Amino acid sequence: MNPMSITIITLSIIMSTILTMSSSNWLMAWIGLELNMLAILPIISKPKTTRASEATIKYFLTQAIASAMMLLSSTINAWQTGSWDILELKNKFSTTIMTLSLMMKMGAAPVHFWLPEVLQGTTLQTALLITTWQKLAPISLMYMISNNIQPALLMSAGTLSMIIGGLGGINQTQLRKTMAYSSINNLGWTIMIMALSPNLAVMNISIYIIMTTPIFLMMTSTSTKTLQNLTTTWTTSTATTLSIALLMLSTSGLPPFTGFMPKMLALNELVTQKLTALATLAIMTSLISLLFYLRIAYLIMMLTSPMTTPSSTKWRTQNQKSQLMTMMTPTALFINHLIPAIPF
């Protein structure tokens, strides 16, 4: 892909997301999402493989269905209320369809089926883009209409996402699929708390993006795609391998890392609202997801000696260090000390 094409595609992805996040009209938000989808399709299909073509078709069909549902919902609401304003989504039927379409766009349960398959068929850089930047526009729209969405719908979808994200990642050996189910699990926390505290939901997804970005950057720098590859990286890049293990533990929500704080604040909000049973269920699903995070950390830190050459399956090459990766890793691990100062 020549530099001019890369520049045009990059600008299209950035500007379409900004257009959607800054719109107050459903038509402009829909146009922004459509431009965003059309811009990322060439990136997904760039590897000339069958898996990449399959992932591109799945992504296109899923996003097209979600866009059609979004347009249907906004049209019905405009017919009932006479307004295309995003904040005027008053019709309950339209609100339900819109919520499902936004969850389909971001890859939350029960419409999550496309996310693991698409991530598995793309490169690590594209998987990073789909799990981070591509969630900003749908999350911002859900944030704007959160006051009109029925809380039971958000809490049910969030709980289902946490359960599916935890159970789905247990038996995975492919790291991209593991990160896909990790994304579904964290989206569950975001959607569940969106019904009670939208600002806390935005903080939760922001911290998830901060934690996920260095993980994918390190996996890219070490060419790591499976658990078997991950066990052979200690001798080639010890600091990177250890950082991946710590970031996985942070994403799981273990203290004293960054990922613990948004989960604790979400549980505190649930208990404050007298939703103790839901808070208990959230803790149980978090323990399920902790299982595959701990497995990854165990494989990295406990099963491989730093003084041996573990395997000859991956040639030991000099890894390129990324300044972004270097800056984001300590931020993703220890930013939790700043969180109590953030107003909600």
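Residues numbered from 1 in each chain as written. Predicted model: local features only at pLDDT ≥ 70, side-chain atom pairs only at ≥ 80, totals over all residues. Heavy atoms only, no water.

Re a nonpolar patch on the surface
- Together, L11, I14, M15 and I18 line one region of the surface with nonpolar side chains, adding up to about 360 Å² of accessible area.
- By the element assignment, I14 lies in helix α1 (residues 3–22). (Patch = residues over 30% accessible without salt bridge, like charges linked within 9 Å, V, L, I, M, F, W, Y side chains within 5 Å. Areas by Shrake-Rupley, 256 points an atom, 1.4 Å probe, with all protein chains shown as cover. Salt bridge = Lys/Arg side-chain N within 4 Å of Asp/Glu carboxyl O. Helix = DSSP H or I, 4+ residues; strand = E, 2+ residues; numbered from the N terminus.)

A look at the environment of N36
- Inspection of the secondary structure puts N36 in helix α2 (residues 26–44).
- Residue classification places N36 among the buried positions, given a relative accessible area of 8%.
- In this structure the C-alpha to C-alpha distance between N36 and S12, which are 24 residues apart in sequence, comes to 6.7 Å.
- If we ignore the near neighbours within four places in the chain, the residues touching N36 are I13, S16, T17, W133 and Q134.
- Side-chain polar atoms of N36 contact the side chain of Q134, separated by 2.5 Å. (Buried < 20%, exposed > 50% of the residue type's maximum accessible area, 1.4 Å probe, protein only. Contact = heavy atoms within 4.5 Å. Polar contact = N/O pair within 3.5 Å; in protein donor to acceptor, adjacent residues only side chain to side chain.)

Looking at unusual backbone geometry
- Cis geometry is found at the peptide bond from A109 to P110, where omega equals 5°.
- Relative to the helices and strands, P110 is located in the loop between α4 (92–106) and α5 (114–120).
- Across the junction of P255 and P256, the peptide omega takes the value 5°, indicating a cis bond.
- Examined against the element boundaries, P256 turns out to sit in the loop between α12 (238–252) and α13 (260–272).
- Backbone geometry at S223 places phi at a positive 55°, although glycine is not the residue there.
- Position of S223 among the secondary structure elements: in the loop between α10 (198–221) and α11 (227–230).
- The exposure class assigned to S223 is partly exposed, which follows from its relative accessible area of 48%.

Looking at the pattern of salt bridges
- Throughout the structure, instances matching the rule amount to three salt bridges.
- The partner of K58 in a salt bridge is E54, and the shortest N-O contact between them spans 2.8 Å. One end of the pair is K58 and the other is E54, both in helix α3 (residues 50–81) and four residues apart, which spans about a single turn.
- The partly exposed category is assigned to K58, whose relative accessible area is 28%.
- Across the pair E117 and K177 runs a salt bridge, and its minimum N-O distance is 3.4 Å. Taken together, the residues span a long stretch of sequence, with E117 in helix α5 and K177 in helix α9 (residues 175–194) at a distance of 60 residues.
- Residue class for K177 comes out buried when judged on its relative accessible area of 18%.

Describing helix α8 (residues 151–168)
- Helix length check: α8, at 18 residues, gives a terminal C-alpha distance of 25 Å against a target of 26 Å (1.5 Å per residue), a fit within 8%.
- Looking at the buried positions of α8, the neighbouring elements they touch are α4, α7 (136–144), α9 and α14 (276–301). (Expected span 1.5 Å × (residues − 1).)

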